[in-house]
Every structure is written in C-alpha cells, then in structure tokens.
Amino acid sequence: TQLLEQSPQFLSIQEGENLTVYCNSSSVFSSLQWYRQEPGEGPVLLVTVVTGGEVKKLKRLTFQFGDARKDSSLHITAAQPGDTGLYLCAPRSNDYKLSFGAGTTVTVRA
Amino acid sequence: DTGVSQDPRHKITKRGQNVTFRCDPISEHNRLYWYRQTLGQGPEFLTYFQNEAQLEKSRLLSDRFSAERPKGSFSTLEIQRTEQGDSAMYLCASSPTSGNTGELFFGEGSRLTVL
C-alpha cells in the first residue's frame, strides 16, 4: 500500500505572502495530479506532472515533481483570498483510479 | 451546464434510514467513480464503473452500500440502515476512456448528515 503524506495539514497566511505545500511518498509515482477543492465544491484539477524534475507554472502557482518521482511541491506566490481551499495531491495508482492524500487546507486572509 | 451533477446536494436523515444519491456524469464519459470525503480529509475511493460494469469496490464499501449504473449513464449510490459514521460528503466523478488525460471531473457532492 502506497503511503502518501501531505504537509502541512493546515496553513493560514496573510494575503500577499508566499506558501509551499508538499506531497511525499515512499513509492515512485508514474504521474501525479494536484487538485484544489473550494468549500462546498468538488476538487478541480490544477496540473499533472509526469517527468522527474519537471516544473510547471500556472500563473502564481509553481509545481515541482521530484527527480525520483516520489515527491512533489506546490508553491504559491503572493497568495490571494481566492487561493483558499483544500489542496490535494493524487498519484495515479493504475490506469483509471486516483488515490488522494489527506490534503493541505490553505486559508489566505485578506 | 454540462458538468457532473449530483442530487440531492444535502441530505439529513435519522440513523437506520435508507438514503440514495444520484450522479449524472458528463455525457460522453464512460468512467464513473464514487468517493467519500470527511471534513478536512481527501476523498476516499469507494467504487468505479466502466459503462454499466462495476469493476472495483473498496473495502470501505460495506454490505450496506450498493452502487449501480444500469444503463451506463447515471449512477445511484444507496446506503441502507444509515449509521452516524456514514455522515460525509459523497462525491461522484467521471472521466472519458478515449483521450484520457487522467483528469477526474467531480460533481459538487452530496452531503449526508445522519442524526
């Protein structure tokens, strides 16, 4: 069974600050997805990373995939209240199923 | 709106009652998933359908839970003899087989409260 850890569990910051959340495992991922879930909504895909060492940027969000494909990070620059939500990482476990981590709850205060 | 829709959005029931949730996936998606999510946690996989065939069920899906997708379109998730521990958000997601990028498209969920 793959052990997936997301840290920190909770993060509360002031608007304009930067933040980083992490997703770690003892297993190698074939690929990994990051989702954001806003209160009362379902998760929405932000990015998929596939190649070890890959860096992807989505506006103020920067995603890194570890060289060994066992870990990933999400960095948000100049956070805004609209970035508030539960950030979930989900490695692909087989052809069709995603297994989610427990997530990091991010609160950005105005 | 052509996204995944779930009904009802909220359900409050007494312990021991049966409840049923419905999910309408994106029309061209033949894969359908049910997940359960408790407050502050990530979604936990419950079951998966490819068209009308239920191909995988999690150990979380006890005998009181049953899911169907009779015509390969909408799906229902029924919980019999509900318990307080069943209180959670039940999320449905769909994805295509062809051109599959691995993305799951989620509905807004059905929140169950068992009193």
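So, the overall build of chain A
Alright, step 1. Helix and strand counts for chain A come out as zero helices and 10 strands.
Alright, step 2. Each helix (α) and strand (β) of chain A, taken in turn from the N terminus, gives the series β-β-β-β-β-β-β-β-β-β.
Alright, step 3. Over its C-alpha trace chain A gives a radius of gyration of 13 Å, about what one expects of a compact globule, namely 13 Å for 110 residues.
Alright, step 4. Along the three orthogonal principal directions, the C-alpha set of chain A runs to about 40 × 30 × 20 Å.
Alright, step 5. For chain A, with 110 residues in total, the buried portion stands at 46%.
Alright, step 6. The positive charge centre, built from 10 side chains, and the negative charge centre, built from 10, are 4 Å apart in chain A.

A look at the state of the cysteines
Residues and elements named next belong to chain A.
Alright, step 1. Applying the stated criterion to the full structure yields two disulfides over all chains.
Alright, step 2. Disulfide partner of C23: C89, at an S-S distance of 2.1 Å. A torsion of 75 degrees about the S-S bond marks the disulfide between C23 and C89 as right-handed. With C23 in strand β3 (residues 19-25) and C89 in strand β9 (residues 85-91), this residue pair connects regions lying 66 residues apart in the sequence.

A few points about the sheet that holds β9 of chain A
All names here are of chain A.
Alright, step 1. Spatial ordering of the open sheet is given by β2-β10-β9-β4-β5, a layout of five strands whose pairing is mixed. Of all the strands in the sheet, the pair left with one neighbour each is β2 (10-14) and β5 (44-49). For this sheet the average axis-to-axis angle between neighbouring strands, irrespective of direction, equals 20 degrees.
Alright, step 2. Where β2 and strand β10 (residues 104-109) come together, five bridges link them in parallel fashion.

Reading the values: rules and limits
- Residues numbered from 1 in each chain as written.
- Chains lettered and ligands numbered in written order.
- Predicted model: local features only at pLDDT ≥ 70, side-chain atom pairs only at ≥ 80, totals over all residues.
- Heavy atoms only, no water.
- Helix = DSSP H or I, 4+ residues; strand = E, 2+ residues; numbered from the N terminus.
- Rg over C-alpha atoms; globule rule 2.2 N^0.38 Å.
- Buried < 20%, exposed > 50% of the residue type's maximum accessible area, 1.4 Å probe, protein only.
- Lys, Arg positive; Asp, Glu negative; His and termini not counted.
- Charge placed at Lys NZ, Arg CZ, Asp CG, Glu CD.
- Disulfide = S-S within 2.5 Å.
- Pairing = 2+ DSSP bridges.
- Axes fitted to C-alpha atoms, helices over the stretch in contact; angles between N-to-C directions.

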